[in-house]
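# Structural overview for review
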Amino acid sequence: MTTYNFAAGPAVMPKPVIDQIQAELPSFQGSGMSIMEISHRSALFDQVISDAEADLRELMGIPANYRVLFFQGGGTLQFTAAPLNLATKHHHIGLLDSGHWASRAADEARRVGTKVDILGTAADNHFTALPTLDQPVDQALDYVHLTTNNTIEGTAYTMLPQTGHVPLVADMSSNFLGQQYQVTDFGMIFAGAQKNLGPAGLTIVIVRDDLIGQAQNLPSMLDYQLFADKRSMFNTPPVFAIYAAGLVLKWLKAQGGLAAMEQRNRDKAALLYDFLDQSKLFTSHVKPADRSLMNMPFVTGKPALDAQVIAGATDRGLLNLKGHRLVGGMRASLYNAMPKAGVQALVDYLADFEATHA
Ligand code: PMP
């Protein structure tokens, strides 16, 4: 049975990449050692990490004055690292409250003594639309944090809020490389790898170099300047995850790069949203203009029926459609590596279900 994995993360990776990992796992580039067994100080790994950075720079158009850092600790560690490194002047940031991960970021920033102003919230409409700025941004903030794609709520920014001279810091964890943004619109971007880039264990940080190096006495493992100076090899980096992410970046280039990928993602998303919008059984509550290209929550409105939808889907090889516990229902995540055939199989199944349960 063909299976399709709709998980929100860790998530589907490109089949050719999985095949390549399998083929070269016993002996990486004829070395007689697996990639998991080689030194991070070896010439072999140096090539892997250099290629990964160069390919990422090419794909995203990252200018030379931005540093690319390879971290561990997930997106969550960056909720702490970003304020420690960047909120050094005023110890005061703004944040757009777009849902669960944004409020987690606010909590962690406060834990390290940063004042956090909520500049707009979507709480009033249960996070089914994006928050907008309530008023012009106070220019005495160190930065404004926003979550470009809200994995649980299914919203995403296409137009960015105007923050004047205050840099934007973006948690791009769930639409990194799936939707195009202009890097220069941000002071910093971070993303855990385990959705659109590769296995868990790697987090990418892209940061403008004039914003770092101002914090004193940071723990070394949280210090962007130190990571930049040491080319992300202050300590042992996640060698396997960087290698796998590197293969995904090469695959992305072969697919035509980010513009082509975003177009494909728009087509896939439209296939599902168009179905949901005409369905008499299934509903997406998310405001159409704010809908994510990556994560689509939807419901029947009856939890027992939702459970049947999910069980029936699993039987047909349509995996991991259970919604996040905070919103219930179903959630389909359509990352870069989800083929259009997978979305079509999902829509066909939902249409069948509707026909037999109406
Ligand atoms: N931000 C967003 C938008 C996420 O979706 C997630 C994980 N689902 C996180 C942050 C937390 O990431 P991690 O588990 O890598 O710490």
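Predicted model only: the values in this text are computed from it and were never measured.

Taken as a whole, the protein chain is organised into domain 1 (15-254) and domain 2 (257-357). The C-alpha centroid of domain 2 is placed 27 Å from the C-alpha centroid of domain 1. Those elements that place two or more of their residues in the side of domain 1 that touches domain 2 are α2 (43-60), β6 (149-150), β7 (155-156) and α6 (239-254). Here the residues of the side of domain 1 that touches domain 2 sort into eight nonpolar, 13 polar and three charged.

To continue, consider the site of the ligand. Near the ligand, the surroundings consist of G9, G74, G75, T76, W101, T147, T151, D171, S173, S174 and G192. In terms of residue count, the dominant contributor to the shell around the ligand is helix α3 (residues 74-86) (three residues).

Turning our attention to the packing of helix α1 (residues 15-24) against α6. Following both chains from N to C, one finds α1 and α6 inclined at 135°, their axes separated by 10 Å at the closest point. With respect to α6, the element α1 is oriented oblique. Between α1 and α6 lies a crossing whose hand is right-handed. Counted together, P16, V17, Q20 and I21 of α1 and A244, L247, V248 and W251 of α6 form the full contact between these two elements. For the contact of α1 with α6, the per-class residue count stands at seven nonpolar, one polar and no charged.

All right, on to the pairing of strand β10 (residues 203-208) then. Most of β10 sits out of view: five of its six residues are buried. Here strand β2 (residues 66-71) runs beside β10; their pairing, made up of six bridges, is antiparallel. Note on β10: the bridge partner recorded for F70 is I204. Where strand β9 (residues 188-192) and β10 come together, five bridges link them in antiparallel fashion. Bridging from a neighbouring strand, M188 pairs with V207 of β10.

In this numbering, the UniProt entry assigns the feature "binding site: pyridoxal 5'-phosphate" (unreviewed entry) to G75, T76, W101, T151, D171, Q194, N235 and T236. Spanning 162 residues, the named residues do not form one spatial group; their C-alpha atoms are separated by as much as 30.7 Å. With respect to the secondary-structure elements, G75 resides in helix α3. Looking at the element boundaries, T76 is found in helix α3.

Another aspect to go through is the UniProt feature "modified residue: N6-(pyridoxal phosphate)lysine" (unreviewed entry) in the protein chain. The UniProt entry lists K195 under the feature "modified residue: N6-(pyridoxal phosphate)lysine" (unreviewed entry), expressed in the numbering used here. Inspection of the secondary structure puts K195 in the loop between β9 and β10. If we ignore the near neighbours within four places in the chain, the residues touching K195 are G9, A11, S173, S174 and Y335.

Once that is clear, we can look at unusual backbone geometry. Looking along the chain, the bond that leaves G9 and enters P10 is cis, with omega of -5°. By the element assignment, P10 lies in the loop between β1 (4-5) and α1. With a phi angle near 50°, H91 is a residue other than glycine that sits in the positive phi range.

Conventions adopted
Residues numbered from 1 in each chain as written. Predicted model: local features only at pLDDT ≥ 70, side-chain atom pairs only at ≥ 80, totals over all residues. Domains from an automatic or database assignment. Helix = DSSP H or I, 4+ residues; strand = E, 2+ residues; numbered from the N terminus. Nonpolar A, V, L, I, M, F, W, Y, C, P; charged D, E, K, R; others polar. Near = placed C-beta within 6 Å. Axes fitted to C-alpha atoms, helices over the stretch in contact; angles between N-to-C directions. Parallel < 35°, antiparallel > 145°, perpendicular 65-115°, else oblique. Left-handed = near helix turned anticlockwise from the far one by under 90°. Contact = placed C-beta atoms within 7 Å. Buried ≥ 20, exposed ≤ 12 C-beta atoms within 10 Å, placed from the backbone. Pairing = 2+ DSSP bridges. UniProt positions renumbered as here; feature names shortened; annotations may be inferred.

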